[in-house]
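Read off the chains here:
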Amino acid sequence: MNDIKYMISGDSISKGVIYDEVRSKYVILEDNYVSLLQKKLIGAVHNTARFGNTLIKGLGNLKKDIVKDKPNIVLIEYGGNDCDFNWNEIADNPDAEHSPKTDFNVFEKMLTEAIQFLKNQQITPILMSLPPLNADSYFKWVSRNDPEAEKNIMKWLGSVTKIYWWQERYNSTILKVSELTKTKYIDVRGAFLEHPDFTKFLCSDGIHPNRDGHRIICDKVLEFIRNNYQFLLRDNGSLAFD
């Protein structure tokens, strides 16, 4: 039982990246949700998440990592970078056409393929929904508080709420793929939205969960494991933060 292996395939959220307000830079949070989970799970967790990962990049690495590590369970956490745009290009040229880093339909297709690939290897995939973003903070972040950039990005966007709507579409696709492929998912988004002011669990960039946000993710994952795979938990699955 102790030789069970988990792999986390994802982007900066799973890497544990937060924005350090004091040092004004991105750093890795030591008590990120993955390292908190490691203390609660029987077996070894291999975190292959990378800053800036899209599903396309991550899937290429996942196939190599699977061959090398042969995990039993893979947690898949993507979408935040996939749905993102090159905001500097938009600020420079708001009248041009701009595409997200991963096309919406390609995202659905590749996520489905990733799940099928894992299931064919007798590996259990588990999906994770996206934490909600704070559209106002994120808009300020990508426009760098530059009035000209703000004006141009707004011209292209039409409304700040469109940022939330666009990310929500990718999140809905994760749930759709979960249903179509009969793959379990962990409702991280729901865990944040249980709090009326969920934005206090995000960094000032509006998109990365902060220290408390990582605790919310960890507790949600533990709740999921307790309900579905209790035998994988040490200490009968007591919550990380009772």
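Everything numeric here is computed off the predicted structure, so don't read it as measured data. (Residues numbered from 1 in each chain as written. Predicted model: local features only at pLDDT ≥ 70, side-chain atom pairs only at ≥ 80, totals over all residues. Heavy atoms only, no water.)

> Hey, could you run me through the pattern of salt bridges in this one?
Applying the stated criterion across every chain, the model contains 10 salt bridges. Residue E108 is joined to K176 by a salt bridge in which the shortest nitrogen-to-oxygen separation is 3.1 Å. Of the two residues, E108 is situated in helix α5 (residues 104-120) and K176 in helix α8 (residues 161-180); the sequence distance between them amounts to 68 residues. Taking relative accessible area as the criterion, K176 reaches 40% and is therefore assigned partly exposed. Here the salt bridges share partners, and the residues they tie into one network are D31, K39 and R211. (Salt bridge = Lys/Arg side-chain N within 4 Å of Asp/Glu carboxyl O. Helix = DSSP H or I, 4+ residues; strand = E, 2+ residues; numbered from the N terminus. Buried < 20%, exposed > 50% of the residue type's maximum accessible area, 1.4 Å probe, protein only.)

> Would you take a moment to explain the side chain of N53 for this structure?
Looking at where N53 falls in the secondary structure, it is placed in the loop between β4 (44-47) and α3 (55-69). Taking the relative accessible area as the measure of exposure, N53 reaches 3% and is therefore buried. Of note is the side chain of N53, whose polar atom sits 3.0 Å from the backbone oxygen of G10. Beyond its immediate chain neighbours, meaning those up to four positions away, N53 contacts G10, D11, G58, Y78 and N81. (Polar contact = N/O pair within 3.5 Å; in protein donor to acceptor, adjacent residues only side chain to side chain. Contact = heavy atoms within 4.5 Å.)

> How should the side chain of D69 be read in this particular structure?
By secondary structure assignment, the location of D69 is in helix α3. No salt bridge is formed by the buried D69; the nearest opposite charge belongs to K68, separated by 5.5 Å. Residues in contact with D69, not counting those within four places in the same chain, are K5, M7 and H46. (Lys, Arg positive; Asp, Glu negative; His and termini not counted.)

> Help me out: how do you make sense of the state of the cysteines in this one?
What is meant by a disulfide is a covalent connection between two cysteines, made through their sulfur atoms. Taken as a whole and assessed by the stated rule, the structure comprises 0 disulfides. Among the cysteines around C83, which has no disulfide bond, C203 carries the closest sulfur, lying 17 Å off. (Disulfide = S-S within 2.5 Å.)

> How should I be thinking about the sheet that holds β4 in this particular structure?
Backbone hydrogen bonds hold the strands of a sheet together, and the pairing may be parallel or antiparallel. Here 5 strands make up an open sheet; going across it, the order is β4-β1-β5-β6-β7 and the pairing parallel. Unpaired on one side and paired on the other, β4 and β7 (185-186) mark the two borders of the sheet. In this sheet, β4 lies alongside strand β1 (residues 5-10) in parallel orientation, the contact comprising 4 bridges. Considered in β4, the bridge of K5 is made with A44. (Pairing = 2+ DSSP bridges.)

> Help me out: how do you make sense of the environment of W87 in this one?
Relative to the helices and strands, W87 resides in helix α4 (residues 87-92). Distance from W87 to G206, taken between C-alpha atoms, is 15 Å for residues 119 residues apart in sequence.

> Which parts of the structure should I look at to understand unusual backbone geometry?
Trans peptide bonds make up the majority, and among non-glycine residues the majority have a negative phi. Phi angles above zero are rare outside glycine, and Q122 is one such case at about 60°. The residue Q122 is located in the loop between α5 and β6 (124-128) in this model. Of note in the backbone geometry, K182 takes a positive phi value of approximately 55° without being a glycine. Locating K182 in the fold gives a position in the loop between α8 and β7.

Structural measurements only, silent on function.
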